[in-house]
Each structure stands twice: as C-alpha cells, then as structure tokens.
Amino acid sequence: MNKNHFDVVVLGAGGMGSATLFELARRGRRVLGLEQFDLVHKLGSSHGHTRVIRKAYYEHPNYVPLVLRAYERWYGLEQIAGRHLLTECGCLSLGLPGSEMMQGVQTAAREHRLPVEMLSAQDIRKRFPVFRFPEEYTGILEHEAGFLFVEDCVESHLKAAQKLGAKIHPLESVRAWQASGSGVEVVTDRDRYFAERLVITAGPWAGQLLAHWGKQLTVMRQTMQWYGTADDRRFRRDRFPIYLAEVPDGVFYGLPVIDANGHKIARHYGAPELSDPAAIDRKVTPEDERSIRGFLNRHLPAVNGPRRRAEVCIYTLTPDRHFILDLHPEQPQVAIAAGFSGHGFKFSSVVGEIMADLVEKGKTALPIDMFRLRRLGM
C-alpha cells in the first residue's frame, strides 16, 4: 500500500485526537495522526497536570452515561499503559440553593441515582474547616469523583496507539483538506495524504479547519495557577476535596495539594470570547493573579503563599457550551469532535470510541444526540 494512504487521518493529537488514534489502531485501522505542534504540548487545551472528573454532571444529566463509560475507558488505559492515570477524590460543589450549578448537580444525581451528600454551611465548616462561605451557602459532596493526570493520559493514548501501528507526525501543519465520494485528501506543509475517512479533533483550531461550519466556535483564554498554603497537610486529598464554587464573581474550581506546586485553582469562563487562537496572550498577568487572590482571600484564606506555577490554556466554545460529536453535515466521511467548552477532557477516553464508531459505521450506540450539529443550525 502507498505509504501516504491510510484508512483514517486524524487532525490533532491532543486529548481527543490521541484517544481516537488509540481506538482506531486497536480496531486494526491503518491510521495517521497529524499534530501541528510537538506531542503533549502546552499550547492547546490538554495540559496543566490535572483535570477534574466527576459524575454528578451539573452541565446536563445527559453527560452522565458518557462519563460513566469514560471511567471504564480510563481504568482500561491504566492497565494497558501500566501507569496510574485517575485518582479518586471527593468533589464538593458550593453555591446558593437554587443556583444553576447546585440544581444541576442534584438533577444529574437524582436522574442517575448517583450517591451525593447534602451539606449545610455548618456541615461544610465542620467537615472542611479551611473553607469560608456565608451561612446561606450549601454544599453537595460527590464521593465518586477524582482527577486525571492530563499529560500522562495523552501520552499513554499516543504510545498505546503507536504500539498498535498508528503513525503520528508531530510538527506537521495541515494546510487544507478535501472530501470526495472516494475519500479524503489532506495537504500539509510537508506532504499530501489520502484516506477513506477523516477525523477532526483539532481543539482551538477546529473552527479554522471546519471553515463555514466552524464559524460559531470561539476560543477563550484561561489560566491555571498554583499557590502555596499555610499548611499543606490541611489540603491533602483525604482531608480536602476537589471543589467547584459558584460565587458572585463566577465559578472557581480547585484541587487538593498533591505536590510541591501547592493548591491548583482556576476560574471557569469569565474571559472574552475570541475568534482566533493566535490572539491568545500566552503570558500570565498580574490581573490573572488578582482575580484568583480575591477568591482565595474571601473563601480559602489558608491558601496564602506565593504563586508557584501558572499556565495558560484555551477553551473552545460552542454557543450553548455543549460538545460537538457528529459527522460533517455535507461530508459523511468526516467525523468531528470539537467545542468542548472547557469541560471536555474527562470525556476524551470515550470520545475516541465515539469517533471510531462514527468513521466505521456512521453511528454509535453511545448517546450523542444532544451533541449533534443540527442543534446549532449547522
């Protein structure tokens, strides 16, 4: 067979692309992955050491079956890779009763019979005394949550895919792609490739690769920051949970202290939406730190040490903040996984399975109707 002919070409080898490459290679497909940057890079959305995984999904209860399947796939990848990838840890949602996030957690837990624990402000103070929230705030503690080691997950998928025969080309940029009845053609800055099917998992660059069909996708700059604490022992994961806190300034999330970097914290959303990832400022600014320090001073005053680490990442947003998992509206030989809106990485293990199903059969048994392009008029 011609060295430039493949069953499937995958554009982008980050969280979603690496999982897709692995799943297609596991199914015996001759697959090529193209990545414009180096492998496991820090310029997109799949970096920053850890990502939260949770089951009581406030964004919509329809996510729950997919995240349950994702757990299975992560545990399976651990066995294949021989690496620890998922750490179990409680997740505490904090907010006013009746708020969108708190209602969403309860709805997902109720519909899918997930074990959660309702906490009053007094309960929160007793269980987790480092928190400072007003009396009117409540908490919902989900015990079956955790965090993923994000770079290790991507690397594990890539290495497993390569062991199964996948070809992966870093530092090779896609210039154009074209689909016809007989397949697809991809032109890069180095070569030209042909395949029966194409998968677009290009993260913040998906909008550019989708041309007209990607115009509704925007990008948002976000920062992840790590701070020293007054006493790291109080932030061990057996004493301190992952948290999601909905406060007047927005939604903030944080993780236990698991290494010398300290407490990881970030704000979810709250930044301008941009049309081009090239417009993202890659430097962490004093203003980025001020907004985080404001939250910490009010609600976690024991996180009062120096900033020890900071990274910029990119959200790729759909108008409704839900994913796109679908075949191309005009080119059914092209599958798309895009617009993960800042909460997608935990699903990447199952997204790989969905993309492989779509390119092989044009459909999947996994529930993705909510994530079809037609809802956006695309």
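Refer to the structure presented above.
Parameters at a glance
- Residues numbered from 1 in each chain as written.
- Predicted model: local features only at pLDDT ≥ 70, side-chain atom pairs only at ≥ 80, totals over all residues.
- Heavy atoms only, no water.
- Phe/Tyr/Trp six-rings, centres within 6.5 Å; stacked < 30°, edge-to-face > 60°.
- Helix = DSSP H or I, 4+ residues; strand = E, 2+ residues; numbered from the N terminus.
- Buried < 20%, exposed > 50% of the residue type's maximum accessible area, 1.4 Å probe, protein only.
- Expected span 1.5 Å × (residues − 1).
- Pairing = 2+ DSSP bridges.
- Axes fitted to C-alpha atoms, helices over the stretch in contact; angles between N-to-C directions.
- Contact = heavy atoms within 4.5 Å.
- Right-handed = clockwise from strand over helix to strand, strands pointing away.

Draft legend 1. Representation of the packing of aromatic side chains in the model. Summed over the entire model, instances satisfying the criterion amount to 23 aromatic pairs. Centre to centre, the rings of Tyr 71 and Tyr 75 are 6.3 Å apart; their planes meet at 50°, and the pair counts as tilted. A residue pair is termed a helical-turn pair when its members lie 3 or 4 positions apart in one helix, as Tyr 71 and Tyr 75 do in helix α2 (residues 64-81) at four residues. For Tyr 75, a relative accessible area of 32% gives the class partly exposed.

Draft legend 2. Seen up close, helix α1 (residues 15-26). Relative to the 16 Å expected for 12 residues at 1.5 Å per residue, α1 spans 17 Å between its end C-alpha atoms, a close match to the ideal helical length. Judged by how many residues are buried, α1 sits mostly within the fold: 11 of 12 residues are covered. Remark: Gly 28 follows α1 within two positions and exhibits a positive phi of approximately 85°.

Draft legend 3. Expanded view of the sheet that holds strand β3 (residues 50-53). Ordered by their spatial adjacency, three strands build an open sheet running β3-β8-β4, and the pairing between neighbours is antiparallel. The open sheet is flanked by β3 and β4 (86-88), the only strands paired with a single partner. Taken pair by pair, the neighbouring strands of this sheet meet at an average axis angle of 25°, ignoring direction. Strand direction decides the pairing type here: β4 and strand β8 (residues 146-149), joined by three bridges, are antiparallel. Bridge pairing links Leu 86 to Leu 148 in β8. Here α2 sits on the sheet in contact with β3, β4 and β8, set at roughly 120° to β4. Each of β3 and β8 touches helix α5 (residues 150-163); the most contacted strand, β8, lies at about 55° to it.

Draft legend 4. How the structure looks around the pairing of strand β2 (residues 31-34). Alternating positions in β2 separate into two faces, Val 31 and Gly 33 on one and Leu 32 and Leu 34 on the other, with burial throughout. Direction of pairing for strand β1 (residues 5-11) relative to β2: parallel, over a ladder of four bridges. Within the sheet, the bridge partner assigned to Val 8 lies in β2 and is Val 31. Viewed along the sheet, the connection from β1 through α1 into β2 turns out right-handed. Pairing of β2 with strand β9 (residues 167-169) involves three bridges; the strand directions are parallel. Bridge pairing in β9 places Leu 34 opposite His 169.

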